[in-house]
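# Descriptive analysis of the structure
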Amino acid sequence: QNRTLAARNGSMTVKYETPKEGVALITLNRPDKLNSFNRELRADLTQALAKASADDAVRAVVVTGEGRAFCAGADVSAVDEMANVEDVLNTEYAGFLNILQSMPKPVIAAINGPAAGIGMTLALTCDLRVMGEGAYLMSAFANIGLVPDGGLSFLLTREIGYARAYQLAIEAEKIDAKRALDWGLVNRVVADGDVLTNALDWAASLTERAPVAMAFTKRAFRAAAQDGLKTAMAYEAMLQR
């Protein structure tokens, strides 16, 4: 249980740390690939989130990316891993996204750089979001002939309405930090160098609040907001195939 996460062939695709009491920091760690997802990263992120969810000493979680990106989406060079894309989306991606939604703790996305494709889905699935001034969100799927997945069609439509969501999805337009804040896609925008510090300080402040009340509040608000999300995720996966 306490082994170093993702230690394979001397590399680590996810770093798991506890920089503050009660706070787990989970860092996607493929900076040379802009933290894009391959099979190893999907598995390691699932494991890291499950560990944070199960640890009673952890009362808030921060997810971020190493280097200059939050997450550039799926690693298209690992296309052989997606031979059965519907199964991969419904198991490997849905695995960590469902943990994010269901864990009884607040999860803050520290968006330190581009969050594109499934990386945008990851950011929007987190409960709270801090974004750097130079970062952006991007539903990049249309640029490579794909449809949004991981529940992004549901998340974007819920947050900004059908017309805006559909336009962003088919035109793959970048959403800069100011517009993301104006549209309610993120909670805070801070200087690029302050993203992680701000997110960790926010997480630490949340650990001082009543944990059961926070857990039940998350459960209630998720239930109110996400009716139909699992259906949307499965439908997207079928369309992607």
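Everything below is about the structure shown above.
This one's a predicted model, so the numbers in the text were calculated from it and none came from an experiment. (Residues numbered from 1 in each chain as written. Predicted model: local features only at pLDDT ≥ 70, side-chain atom pairs only at ≥ 80, totals over all residues. Heavy atoms only, no water.)

### Looking at the nonpolar core
Soluble globular proteins tend to bury their nonpolar side chains together. The biggest cluster of nonpolar side chains holds 57 residues, and the ones touching the most others in it are I26, F37, I111 and L137. Per element, the largest residue contribution to this core is 9 residues, and it comes from helix 2 (residues 85-102). Not counting residues within four places of it along the chain, the set of residues in contact with I111 comprises F70, A123, R129, V130, M131, G132, A135, L137, V186 and V195. (Core = buried A, V, L, I, M, F, W, Y, C linked by side-chain atoms within 4.5 Å. Buried < 20%, exposed > 50% of the residue type's maximum accessible area, 1.4 Å probe, protein only. Helix = DSSP H or I, 4+ residues; strand = E, 2+ residues; numbered from the N terminus. Contact = heavy atoms within 4.5 Å.)

### Quick look at the sheet that holds strand 4 (residues 107-111)
Remark on secondary structure: sheet strands pair via backbone hydrogen bonds, oriented parallel or antiparallel. Strand order in this open sheet of 6 strands is 1-2-3-4-6-9, and the pairing throughout is mixed. At either end of the open sheet lies a strand with only one pairing partner, and these are strand 1 (14-20) and strand 9 (188-190). With strand direction ignored, the average angle separating the axes of adjacent strands in the sheet is 20 degrees. Relative to strand 3 (residues 60-65), strand 2 (residues 23-28) is paired through 6 bridges, and the arrangement is parallel. In the sheet register, T27 faces strand 3, and the bridge partner there is T64. (Pairing = 2+ DSSP bridges. Axes fitted to C-alpha atoms, helices over the stretch in contact; angles between N-to-C directions.)

### Some thoughts on the pairing of strand 3
Most of strand 3 sits inside the fold, with 6 of its 6 residues counted as buried. Residues A60, V62 and T64 of strand 3 are buried on one face, and the alternating residues V61, V63 and G65, pointing to the opposite face, are buried as well. Where the polypeptide runs from strand 2 across helix 1 (residues 39-54) and back to strand 3, its parallel neighbour, the crossover connection is right-handed. With 4 bridges connecting them, strand 3 and strand 4 associate as parallel partners. When the bridges of strand 4 are listed, V62 appears paired with I108. (Right-handed = clockwise from strand over helix to strand, strands pointing away.)

### Some remarks on the packing of helix 2 against helix 3 (residues 118-125)
Contact pair helix 2 / helix 3: the axes reach a minimum separation of 9 Å and the direction vectors enclose 20 degrees. Classed by the angle they form, the pair helix 2 and helix 3 counts as roughly parallel. The segment helix 2 lies against helix 3, with Y93, F96, L97, L100 and Q101 engaging I118, T121, L122 and T125. Here the residues of the contact of helix 2 with helix 3 sort into 6 nonpolar, 3 polar and no charged. (Parallel < 35°, antiparallel > 145°, perpendicular 65-115°, else oblique. Nonpolar A, V, L, I, M, F, W, Y, C, P; charged D, E, K, R; others polar.)

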